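Structural characterization, general
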Amino acid sequence: MRGLRWLVLAVLVAATACERPTSQQARTGFAARPELLEFGPAAVGRTKTLKLRLANQGRASYRVEGARSSLPNVSVPAFDAFTLTAGEEHELEVRFTPDVEGAVQGQLELFTDASGGAATQVPVSGRGVKALVEVPETALDFGNVNLGLVEMREVTVRNPSDVESPLVLSVEGSDADQFSAGAGLPSTLAPHETRRVPVAFSPVRLGNAEAALHVSVCDGCEPAVVTLTGTGVASALEVTPLRVDFGRVAVGATAEERITVRNQGTEPLSYKGAVLLEDPSGVFKVVSAPALPSDVLLPGAVVELRVAFTPTATGKARDGRVEVAVRKPGTASPGPKVSLTGEGGASCVEVLPSHLDFGPVAYGMTATRDVTVHNRCREETTVTGLHLTTQAGGYFTLAQPSSSQPVAPGGTLRVGVTFSPRAGVGSVSSGQLAVTSTQRTSSATDGVTLSGEGRAFAPCEYALPQVLDFGQVPVGSEVALGLTLRNTGTEACFLSALQLASGSDPAFRASTLPNRVLEPGKKATLIVRFQPPSEGEFQGLAEGWVSHPTHGHPLVNLVGRGVQGCFSVQPTTVDFGINRLACGPRTREFMAYNDCPGEVKVAGMKLEQAGAQFAVSGALPATIPPGGRVKLTAKYAPVEEGDDAATVRFTLKDGSVFNAGLVGRGLSKTDQTDRFIQQAEARVDVLFVVDNSGSMMEEQQSLGANFAAFLSQAAAAQVDYRIGVTTTGLDPSPGGWSECPGGALGGENGRLFPVDGSSPRIITPETPNAAGVFANNTHVGVCHWNEQGLDATWRALSDPLLYNLDDPRTPQLNDGNGGFLREDAKLAIIVLSDEEDFSSQPVAFYETYLLALKGNDPSKVSFNAVVGPEDLTTCTTSSSSGSRYMELARKLNGVVDSICTPNWAASLEKLSESAFGPNRAFPLTELPEDPGAILVRVDGVPVTDGWAYDARANAVIFDRLRAPAPGVVVEVTYPLGCP
């Protein structure tokens, strides 16, 4: 077409509007929103649709002629050419229909007749997934339950897929009438949703009862069966907790905790207080054990005991035990035992590993490894000293200068240590690294022991390709190939490192392989990833160091070409992940596409690998007709620990070569232990969403008047906070009996209040008279009638408000929300409303979006609701229950309270604890085989309750009141299974 050219779309991501001035944006004539089409997960065989909005921000008209996708499973429905005049916008529909599981990346190209441009390219990504339901539990035992009472347990059901799955429950068996499960719950599970299904046992007969809960896991599958057992009895005793954990307490200080004893039965029990049975460290004490009349604990009565912990030294104290003297009258059976544990306070800076072993290193060579300093403190710490001492054998040196270096809260610092063996000294070398950290006026020194061994190696005989050729890769897609160095000799070989050389094109990336000894026949594989950002040739270099007098520095050239074409293979990298050696082969599918106008002949398909771990099958070579596709199957069966990689090369008739990478890792261990040190949140962004309808005047005044109570936890934890307020109103009020202040007539539409800037819109610890500013900002008026709090939350935290200081859609100046949300801060949202939410999307939409804002880390976001309660008889001024708000709060680990709270100070203190309190979520590094077998230890002591496993986040999440204290060590051990 005459005059047709490609127009480059520059993808600009700005942290604030100050970094991307409006004047610069105005000079860009052609724009597309969003700048990245992220389809995310989509069910295999189903179509997911997104909208792409084209805009003309210039003065001259542009004509849009057509669109083309580089991905065969992403398409734009045919449309007639159209013209965009100055300031005009037009919307295109883009569809994604995955054929197989796996991630795809590519680009959407737009054709215009604009002059002076090149290709308009919008990056596109998506992932095909399948669906099912998982049930980790196999049995629930309700124990002894009084006749006429109800005992509750929970069964975890989770949807591990990225699409909605049906949830069907039924209770079966001879005693099914005494059990019930999941009444009133939704009949579907959202993508990655984990739900705790309540199961009730209400005995109507004495003796044992048994039934089975059946959970449908997929169409045509046998149901998961959870055995339900319980016993109907006439009395019951409750003692909570059975383990008192005082956490870390400063040496010399005293902490107290309570033990509650409750008679839930129908018969009186003998009670004679409590006695300290064991206290080997002399640090525990029974402070209070009230006497009862006639030493009798009557049915329904409760008695509260108090115990104390006073540490005399730093470190974990030996556990103690308390016996509660409560039993049936006339018996001599021992009473229930309660264990006591605690620890003297210690440094919040952790240096890992505590022992760094370099293993054997060849004479004349060196090896470098990292020590990591983790700042678990609430404020910045500074590493002021790094001191190395070689105690015996070779030489230990620092890989970087020993200069003072700050480490932000939650941050890390890597310290490189190099070991050089002394010639002729074959004994083990030893040394120590001392790391001194300073925080204000205090300092702490942590030590790392070092060891290594000098060894003479015969000249290394090895096989290594001279070139790693990635062939032709679609622009924007990523191919991972393996560079394998194998010891082909008969003696052990020393590898110092294998890595990318400095100066390689940034389209290549790889993580360095550290030193190791390769026994005869063994290998080391460097996984190199190539993702071309544009068309053209790219080059890089990989280098290694081995024990050889003349060929000790092998080099491998890296080459690849970015292309825009109509033949492709998706996904370009088939990643099998971590595979246990005992689990057998794993299978994945990928596909070759021909989106060319004519047929494409695949003249050859070749699998290249350093071993025999991978296999590929499919109907290639073949001639693929226009629009055709060929499904291929890859199989991976690792035979040893370590990374494996292979290349599938497709040669077309014209000689062009396209590659697909196969990668996986073999693992022999059966258990994984993840270790965390609890830290307090140092930075928190808090968004209040306040109802501005006609009935909210009193609540707004109470909120502002009690702001000091909300800041109580933040002040105690020295939190760096940012607090903003918006309203539930999206559109300006049409007028009536009242007008809203702030410059938006109640239609903030997600903008922080006040829109006119009449008072500071973001409150920080440095804001003068912060309480007065907050009181003003929460008096948002009572002019509106349409409460859409969830939409307001979403708009406040999305484009164009999120990172811009000015909203480009409105005439007001500086009314954007730029500067509020920080990438490294926790996000807490608090909604206050006396009406149901009437937003446009299902609750799951907002849950997914808010989690995605924080990298899907549930520990970084909470949603809290002070709304109309479920029982409106307790809150007659509320017109309806805020059920949608409450649903999202329960999903995002927040607090739910009544808008009719009689004590606003107490309610705001609970919200403060939720927003500024300690971390409760600990993400796991691998997927557990059986979540029911997860073992949690806090400072070495098993914790059996007060936490749950969240499959969606693959994390252990503690209950709000059971969060580990700052500074404690949390260890999570779980079995690794076969996928």
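Attention now goes to the overall build of the chain. If you tally the helices and strands in the chain, you get nine helices and 68 strands. In terms of overall dimensions, the chain has C-alpha extents of about 95 × 85 × 65 Å along its principal axes. Buried residues in the chain amount to 49% of all 979 residues. When the accessible surface of the chain is summed, it comes to about 42700 Å², and 50% of that surface belongs to carbon and sulfur atoms. Between the centroid of the 79 positive side chains of the chain and the centroid of its 106 negative side chains there is a distance of 4 Å.

All of the buried residues along helix H2 (residues 697–705) are Glu699, Gln700, Ser702, Leu703 and Gly704. At its buried positions, H2 is contacted by strand E58 (683–690), helix H3 (707–710), helix H5 (770–778), strand E60 (826–832) and helix H9 (904–916).

Under the criterion given, the structure shown has 34 salt bridges. The partner of Glu89 in a salt bridge is Arg33, with the nearest N and O atoms 2.8 Å apart. Here Glu89 is found in strand E8 (residues 89–96), whereas its partner Arg33 is found in strand E2 (residues 30–33), with 56 residues between them in sequence. A salt bridge links Glu89 to Arg53; the nearest nitrogen and oxygen atoms lie 3.2 Å apart. In this pair, Glu89 is assigned in strand E8 and Arg53 in strand E4 (residues 48–56), connecting sequence segments 36 residues apart. On the accessibility criterion, Glu89 (36% relative accessible area) is partly exposed. According to the relative accessible area criterion, Arg53 is partly exposed, its value standing at 30%.

So, on to the sheet that holds strand E61 (residues 861–867). Taking strand neighbours across the sheet as the criterion, the five strands line up as E59-E58-E60-E61-E62 in an open arrangement whose pairing is parallel. In this open sheet, the two edge strands, each paired with only one partner strand, are strand E59 (720–727) and strand E62 (896–898). The sheet shows a mean angle of 15 degrees between the axes of neighbouring strands, direction not considered. Of the strand pairs in this sheet, E60 and E61 are connected by six bridges, and their pairing is parallel. Counterpart to Ala828 in the pairing with E61 is Ser862. Of the strands in this sheet, E60, E61 and E62 are in contact with helix H8 (residues 883–891), which crosses E61 at around 150 degrees.

What follows concerns the side chain of Thr418. Among the structural elements, Thr418 can be located in strand E36 (residues 412–420). One polar contact links Thr418 to Thr368, side chain to side chain, over a distance of 2.8 Å. Leave out the neighbours within four places in its chain, and Thr418 touches Thr366, Ala367, Thr368, Tyr395, Phe396, Thr397 and Ala399.

With that settled, the discussion passes to the state of the cysteines. All chains considered together, the criterion is met by four disulfides. For Cys460, the disulfide goes to Cys493, at an S-S distance of 1.6 Å. Note on the Cys460 and Cys493 pair: the S-S dihedral is about -90 degrees, so by sign convention the disulfide is left-handed. Note that Cys460 is positioned in the loop between strand E38 (442–455) and strand E39 (462–463) and Cys493 in strand E42 (residues 493–500), a separation of 33 residues in sequence. As far as burial versus exposure is concerned, Cys460 and Cys493 are alike and both buried. Across the disulfide, Cys740 is cross-linked to Cys783 (sulfur-sulfur distance 2.1 Å). Around the S-S axis, the bridge from Cys740 to Cys783 shows a dihedral of about -110 degrees and counts as left-handed. You can see Cys740 sitting in the loop between E59 and H5 and its partner Cys783 sitting in the loop between H5 and helix H6 (789–796), a full 43 residues away along the chain. Taking relative accessible area as the criterion, Cys740 reaches 7% and is therefore assigned buried.

All right, on to the environment of Arg306 then. Checked against the element boundaries, Arg306 lands in strand E26 (residues 302–309). Assessed through its relative accessible area of 28%, Arg306 is described here as partly exposed. As for Arg306 and Ile259, which are separated by 47 residues in sequence, their C-alpha atoms are 6.3 Å apart. With sequence-adjacent residues up to four places away left out, Arg306 is seen in contact with Glu256, Glu257, Arg258, Lys285, Val286, Val287 and Ser288.

To continue, consider the environment of Pro293. The residue Pro293 is located in the loop between strand E24 (284–288) and strand E25 (296–297) in this model. Judged by relative accessible area, which is 67%, Pro293 ranks as exposed. Between the C-alpha atom of Pro293 and that of Tyr271, which follows or precedes it by 22 residues, the distance is 9.6 Å.

For sheets, the rule is that strands pair by backbone hydrogen bonds, running either parallel or antiparallel. Taken in spatial order, the four strands of this open sheet run E2-E4-E8-E6, and their pairing is antiparallel. Lying at the two open borders of the sheet, with one neighbouring strand each, are E2 and strand E6 (74–75). In the sheet, E2 pairs with E4 via four bridges, with the strands oriented antiparallel. Counted as the bridge partner of Arg33 is Arg53 from E4.

All right, on to unusual backbone geometry then. With the exception of glycine, the majority of residues adopt a negative phi angle, and the majority of peptide bonds are in the trans configuration. A cis amide bond links Gln570 to the next residue, Pro571, at an omega of -10 degrees. Mapped onto the fold, Pro571 is located in the loop between strand E48 (567–570) and strand E49 (573–580). Even without being a glycine, Ser294 presents a positive backbone phi close to 60 degrees. In this fold, Ser294 is placed in the loop between E24 and E25. What makes Ser294 exposed here is its relative accessible area of 68%. Positive phi outside glycine occurs at Leu745, with the angle close to 50 degrees.

Let us now look at the nonpolar core. Among the nonpolar cores identified, the biggest contains 34 residues, and Val686, Phe688, Phe710, Ile723, Leu832 and Phe916 are the most heavily contacted of them. Those elements that provide at least two residues to this core are E58, H3, E59, H5, E60 and H9. In terms of residues, this core owes the most to one element, H9, which gives five residues. When neighbours within four sequence positions are excluded, Phe688 is seen to be in contact with Leu703, Phe710, Ile723, Gly724, Val725, Thr726, Phe774, Ile830 and Leu832. Counting residues in each nonpolar core, the second largest holds 27 residues, with Leu687, Leu790, Leu821 and Val831 among its members.

Orientation of H6 relative to helix H7 (residues 843–853), taken along the N-to-C sense of each, is 25 degrees, at an axis distance of 11 Å. By the criterion of interaxial angle, the relationship of H6 to H7 is roughly parallel. The chirality of how H6 crosses H7 is left-handed. Contact residues: H6 offers Leu790, Asp791, Thr793 and Trp794, while H7 offers Val843, Phe845, Tyr846, Tyr849 and Leu850.

Here the chain shows a mean pLDDT of 84. Residues at 70 or above account for 90%. This stretch, residues 1–28, has a pLDDT under 50; its non-local contacts, to residues over four places away or in other chains, come to 60 contacts.

A few words on H9. Over its 13 residues, H9 runs 18 Å from end to end, which matches the ideal 18 Å to within 8%, given 1.5 Å per residue. Those residues of H9 not exposed but buried are Trp904, Ser907, Leu908, Leu911, Ser912, Ser914, Ala915 and Phe916. Angularly, the buried residues of H9 cover 165 degrees about the axis, an arc narrow enough to put them on a single face.

Let us now look at the pairing of strand E28 (residues 320–327). Here E28 lies mainly inside the structure; seven of its eight residues are buried. Of the pairings in the sheet, the one linking strand E23 (residues 269–278) to E28 comprises six bridges and is antiparallel in character. Paired with Leu276 across the strands is Val322, a residue of E28. Of the pairings in the sheet, the one linking E28 to strand E29 (residues 337–344) comprises four bridges and is antiparallel in character. Bridge pairing in E29 links Val322 to Val338.

Reading the values: rules and limits
- Residues numbered from 1 in each chain as written.
- Predicted model: local features only at pLDDT ≥ 70, side-chain atom pairs only at ≥ 80, totals over all residues.
- Heavy atoms only, no water.
- Helix = DSSP H or I, 4+ residues; strand = E, 2+ residues; numbered from the N terminus.
- Buried < 20%, exposed > 50% of the residue type's maximum accessible area, 1.4 Å probe, protein only.
- Areas by Shrake-Rupley, 256 points an atom, 1.4 Å probe, with all protein chains shown as cover.
- Lys, Arg positive; Asp, Glu negative; His and termini not counted.
- Charge placed at Lys NZ, Arg CZ, Asp CG, Glu CD.
- Contact = heavy atoms within 4.5 Å.
- Salt bridge = Lys/Arg side-chain N within 4 Å of Asp/Glu carboxyl O.
- Pairing = 2+ DSSP bridges.
- Axes fitted to C-alpha atoms, helices over the stretch in contact; angles between N-to-C directions.
- Polar contact = N/O pair within 3.5 Å; in protein donor to acceptor, adjacent residues only side chain to side chain.
- Disulfide = S-S within 2.5 Å.
- Core = buried A, V, L, I, M, F, W, Y, C linked by side-chain atoms within 4.5 Å.
- Parallel < 35°, antiparallel > 145°, perpendicular 65-115°, else oblique.
- Left-handed = near helix turned anticlockwise from the far one by under 90°.
- pLDDT = per-residue confidence, 0-100.
- Expected span 1.5 Å × (residues − 1).
- Arc of directions from axis to C-beta.

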